[in-house]
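# Examination of the molecular architecture
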Amino acid sequence: MSHIEPDVRFPFPAATVPTRCRRRPELFDLAFGDLGGDTKKAAQERLEQARQACSACPVVTACLRWALVNKPLTREGVFAGTTPGQRNVLRRRLADRIGPEWIEVLAARDQARREGAETARHTPLSVPQARVVRLDRELNGPLNLPPPLTAEEQRLNRNRLDAGLKAA
Ligand code: SF4
(Lines give C-alpha, C1' and ligand atoms only; values in the text may rest on other atoms or scores of the structure.)
Protein backbone atom coordinates (compact mmCIF):
# COMPACT_ATOMS: atom_id res chain seq x y z
CA MET A 1 0.00 0.00 0.00
CA SER A 2 1.43 3.42 -0.94
CA HIS A 3 2.18 5.88 1.82
CA ILE A 4 0.60 9.32 1.47
CA GLU A 5 2.68 12.25 2.70
CA PRO A 6 1.14 15.48 4.02
CA ASP A 7 1.77 18.71 2.11
CA VAL A 8 4.89 20.06 3.85
CA ARG A 9 3.91 23.65 3.06
CA PHE A 10 1.09 23.35 5.60
CA PRO A 11 2.48 21.81 8.79
CA PHE A 12 -0.07 20.40 11.22
CA PRO A 13 -0.53 22.98 14.01
CA ALA A 14 1.37 22.30 17.22
CA ALA A 15 -0.82 22.40 20.32
CA THR A 16 0.69 23.03 23.74
CA VAL A 17 -1.70 20.48 25.28
CA PRO A 18 -2.76 17.10 23.84
CA THR A 19 -5.84 17.68 21.68
CA ARG A 20 -9.04 15.72 22.23
CA CYS A 21 -8.54 13.82 18.97
CA ARG A 22 -5.33 12.46 20.47
CA ARG A 23 -6.93 11.59 23.79
CA ARG A 24 -10.26 10.23 22.46
CA PRO A 25 -9.53 9.22 18.84
CA GLU A 26 -12.57 6.94 18.67
CA LEU A 27 -14.85 10.00 18.68
CA PHE A 28 -13.23 11.34 15.54
CA ASP A 29 -13.06 8.09 13.62
CA LEU A 30 -16.17 8.31 11.49
CA ALA A 31 -15.03 5.99 8.73
CA PHE A 32 -16.94 5.07 5.59
CA GLY A 33 -18.51 8.38 4.78
CA ASP A 34 -20.06 10.64 7.31
CA LEU A 35 -21.73 8.18 9.66
CA GLY A 36 -19.67 4.99 9.79
CA GLY A 37 -20.98 1.62 10.86
CA ASP A 38 -22.85 2.87 13.96
CA THR A 39 -26.55 3.26 14.06
CA LYS A 40 -27.42 6.68 12.78
CA LYS A 41 -28.25 7.94 16.27
CA ALA A 42 -25.00 6.65 17.84
CA ALA A 43 -22.95 8.13 15.00
CA GLN A 44 -24.69 11.47 15.34
CA GLU A 45 -23.93 11.47 19.06
CA ARG A 46 -20.26 10.73 18.46
CA LEU A 47 -20.10 13.39 15.80
CA GLU A 48 -21.68 15.90 18.16
CA GLN A 49 -19.11 15.08 20.87
CA ALA A 50 -16.26 15.44 18.40
CA ARG A 51 -17.66 18.77 17.20
CA GLN A 52 -17.86 20.06 20.74
CA ALA A 53 -14.28 18.98 21.42
CA CYS A 54 -13.06 20.72 18.26
CA SER A 55 -14.93 23.90 19.06
CA ALA A 56 -12.82 24.23 22.22
CA CYS A 57 -9.56 23.25 20.53
CA PRO A 58 -6.88 25.96 20.41
CA VAL A 59 -5.70 24.92 16.94
CA VAL A 60 -9.07 24.48 15.27
CA THR A 61 -8.54 27.03 12.48
CA ALA A 62 -5.16 25.70 11.44
CA CYS A 63 -6.46 22.13 11.77
CA LEU A 64 -9.28 22.86 9.31
CA ARG A 65 -6.85 24.39 6.84
CA TRP A 66 -4.58 21.35 7.15
CA ALA A 67 -7.48 18.98 6.59
CA LEU A 68 -8.70 20.91 3.56
CA VAL A 69 -5.35 20.99 1.77
CA ASN A 70 -4.57 17.35 2.62
CA LYS A 71 -7.57 15.67 1.05
CA PRO A 72 -5.90 12.28 0.46
CA LEU A 73 -5.18 12.06 4.21
CA THR A 74 -8.57 13.24 5.40
CA ARG A 75 -11.06 11.24 3.38
CA GLU A 76 -12.44 9.88 6.65
CA GLY A 77 -12.93 11.15 10.15
CA VAL A 78 -13.73 14.44 11.84
CA PHE A 79 -11.25 17.30 11.58
CA ALA A 80 -11.99 20.70 13.08
CA GLY A 81 -15.58 19.63 13.62
CA THR A 82 -16.18 18.83 9.94
CA THR A 83 -17.11 15.58 8.24
CA PRO A 84 -15.56 14.47 4.93
CA GLY A 85 -18.67 15.60 3.07
CA GLN A 86 -18.57 19.05 4.66
CA ARG A 87 -14.89 19.41 3.82
CA ASN A 88 -15.65 18.64 0.18
CA VAL A 89 -18.23 21.43 0.18
CA LEU A 90 -15.67 23.82 1.69
CA ARG A 91 -13.06 22.80 -0.90
CA ARG A 92 -15.51 23.53 -3.69
CA ARG A 93 -16.26 26.94 -2.19
CA LEU A 94 -12.55 27.74 -1.98
CA ALA A 95 -12.12 26.70 -5.60
CA ASP A 96 -15.04 28.95 -6.59
CA ARG A 97 -13.70 31.92 -4.66
CA ILE A 98 -9.96 31.60 -5.28
CA GLY A 99 -9.77 29.37 -8.34
CA PRO A 100 -8.89 25.74 -9.03
CA GLU A 101 -5.30 26.37 -7.87
CA TRP A 102 -6.47 27.49 -4.44
CA ILE A 103 -3.95 25.33 -2.55
CA GLU A 104 -1.07 26.91 -4.49
CA VAL A 105 -2.50 30.36 -3.78
CA LEU A 106 -2.72 29.66 -0.03
CA ALA A 107 0.82 28.28 0.02
CA ALA A 108 2.13 31.37 -1.81
CA ARG A 109 0.31 33.67 0.64
CA ASP A 110 1.78 31.81 3.62
CA GLN A 111 5.24 32.07 2.10
CA ALA A 112 4.82 35.83 1.49
CA ARG A 113 3.61 36.26 5.09
CA ARG A 114 6.62 34.39 6.46
CA GLU A 115 8.99 36.47 4.35
CA GLY A 116 7.25 39.68 5.43
CA ALA A 117 7.59 38.73 9.09
CA GLU A 118 11.26 37.91 8.56
CA THR A 119 11.88 41.27 6.85
CA ALA A 120 10.04 43.11 9.64
CA ARG A 121 12.33 41.51 12.21
CA HIS A 122 15.33 43.16 10.53
CA THR A 123 13.79 46.54 9.68
CA PRO A 124 13.89 49.43 12.19
CA LEU A 125 10.49 50.74 13.32
CA SER A 126 9.12 53.89 11.67
CA VAL A 127 8.21 56.80 13.96
CA PRO A 128 4.45 55.96 13.94
CA GLN A 129 5.20 52.27 14.61
CA ALA A 130 7.48 53.22 17.50
CA ARG A 131 4.66 55.37 18.93
CA VAL A 132 2.27 52.42 18.80
CA VAL A 133 4.84 50.24 20.60
CA ARG A 134 5.32 52.93 23.27
CA LEU A 135 1.56 53.29 23.74
CA ASP A 136 1.19 49.51 24.00
CA ARG A 137 3.91 49.41 26.64
CA GLU A 138 2.24 52.17 28.63
CA LEU A 139 -1.11 50.39 28.52
CA ASN A 140 0.00 46.78 28.94
CA GLY A 141 3.27 47.06 30.83
CA PRO A 142 6.75 46.08 29.71
CA LEU A 143 7.47 42.98 27.67
CA ASN A 144 8.88 39.95 29.48
CA LEU A 145 12.41 40.45 28.32
CA PRO A 146 15.20 38.03 29.16
CA PRO A 147 17.44 39.05 32.08
CA PRO A 148 20.18 41.58 31.19
CA LEU A 149 23.54 40.20 30.12
CA THR A 150 26.17 39.85 32.80
CA ALA A 151 29.34 41.96 32.57
CA GLU A 152 31.25 38.86 31.45
CA GLU A 153 28.72 38.09 28.64
CA GLN A 154 28.91 41.72 27.52
CA ARG A 155 32.71 41.56 27.45
CA LEU A 156 32.61 38.36 25.35
CA ASN A 157 30.13 39.94 22.92
CA ARG A 158 32.32 43.04 22.58
CA ASN A 159 35.36 40.86 21.86
CA ARG A 160 33.40 38.94 19.21
CA LEU A 161 32.20 42.20 17.66
CA ASP A 162 35.72 43.65 17.61
CA ALA A 163 37.06 40.45 16.06
CA GLY A 164 34.30 40.50 13.45
CA LEU A 165 34.98 44.15 12.57
CA LYS A 166 38.69 43.52 12.21
CA ALA A 167 38.06 40.52 9.96
CA ALA A 168 35.60 42.49 7.75
S1 SF4 B 1 -9.69 20.82 15.94
FE2 SF4 B 1 -8.36 19.32 14.96
S3 SF4 B 1 -6.63 19.08 16.38
FE4 SF4 B 1 -8.32 20.02 17.52
S5 SF4 B 1 -9.46 18.34 18.47
FE6 SF4 B 1 -10.45 18.79 16.51
S7 SF4 B 1 -9.53 17.40 15.03
FE8 SF4 B 1 -8.16 17.46 16.85
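Use the structure listed above.
Residues numbered from 1 in each chain as written. Predicted model: local features only at pLDDT ≥ 70, side-chain atom pairs only at ≥ 80, totals over all residues. Heavy atoms only, no water.

## Digging into the pattern of salt bridges
Throughout the structure, instances matching the rule amount to seven salt bridges. For E104, the salt bridge goes to R9, with nearest N and O atoms at 2.9 Å. Of this pair, E104 sits in helix α6 (residues 102-122) while R9 sits in the segment before α1 (20-23); the two residues are 95 residues apart in sequence, bridging distant segments of the chain. E104 sits in the partly exposed class, given a relative accessible area of 40%. Judged by its relative accessible area of 31%, R9 is partly exposed. A salt bridge links K41 to E45; its shortest N-O distance comes to 3.1 Å. Taken as a pair, K41 and E45 lie in helix α3 (residues 40-55) at a separation of four residues, close to a single helical turn. Within this structure, D7, R9 and E104 form a network of salt bridges that share partners. (Salt bridge = Lys/Arg side-chain N within 4 Å of Asp/Glu carboxyl O. Helix = DSSP H or I, 4+ residues; strand = E, 2+ residues; numbered from the N terminus. Buried < 20%, exposed > 50% of the residue type's maximum accessible area, 1.4 Å probe, protein only.)

## A look at the site of the ligand
Surveying the vicinity of the ligand reveals the residues F12, T19, C21, F28, C54, C57, V59, V60, C63, V78, F79 and A80. In terms of residue class, the shell around the ligand is made up of eleven nonpolar, one polar and no charged. (Near = heavy atom within 4 Å. Nonpolar A, V, L, I, M, F, W, Y, C, P; charged D, E, K, R; others polar.)

## Brief notes about the packing of aromatic side chains
Here the structure, examined in full by the defined rule, presents two aromatic pairs. On the basis of an interplanar angle of 90° and a centroid distance of 5.1 Å, the ring pair of F12 and W66 is categorised as edge-to-face. Of this pair, F12 sits in the segment before α1 while W66 sits in helix α4 (residues 60-69), and the two are 54 residues apart along the sequence. Classification of W66 by relative accessible area gives buried; the value is 13%. Aromatic pair W66 and F79: ring centres 6.0 Å apart, planes at 40°, arrangement tilted. Of this pair, W66 sits in helix α4 while F79 sits in the loop between α4 and α5 (84-98), placing them 13 residues apart in sequence. (Phe/Tyr/Trp six-rings, centres within 6.5 Å; stacked < 30°, edge-to-face > 60°.)

## Here's the deal with the packing of α5 against α6
It is at 9 Å that the axes of α5 and α6 come closest, and there the two elements cross at 75°. Relative to α6, α5 is oriented roughly perpendicular. In this structure, α5 uses R91, L94, A95 and I98 to contact α6, whose residues at the interface are W102, V105 and L106. Here the contact of α5 with α6 is built from residues that sort into six nonpolar, no polar and one charged. (Axes fitted to C-alpha atoms, helices over the stretch in contact; angles between N-to-C directions. Parallel < 35°, antiparallel > 145°, perpendicular 65-115°, else oblique. Contact = heavy atoms within 4.5 Å.)

## Focus: unusual backbone geometry
Even without a glycine there, the phi angle at A80 is positive, about 50°. Position of A80 relative to the elements: it lies in the loop between α4 and α5. Judged by relative accessible area, which is 13%, A80 ranks as buried.

## Here's the deal with the packing of α4 against α6
Each pair of packed helices can be summarised by the angle the axes make with each other and by the distance between the axes. Running from N to C, α4 and α6 cross one another at 135°; their axes reach a closest spacing of 11 Å. When the interaxial angle is binned, α4 and α6 end up oblique. Two packed elements cross with a definite hand, and for α4 against α6 that hand is left-handed. Judged by residue contacts, R65, L68 and V69 of α4 engage W102, I103, L106 and D110 from α6. When grouped by side-chain class, the residues that make up the contact of α4 with α6 number five nonpolar, no polar and two charged. (Left-handed = near helix turned anticlockwise from the far one by under 90°.)

Read these as layout, nothing more, since geometry by itself doesn't imply function.
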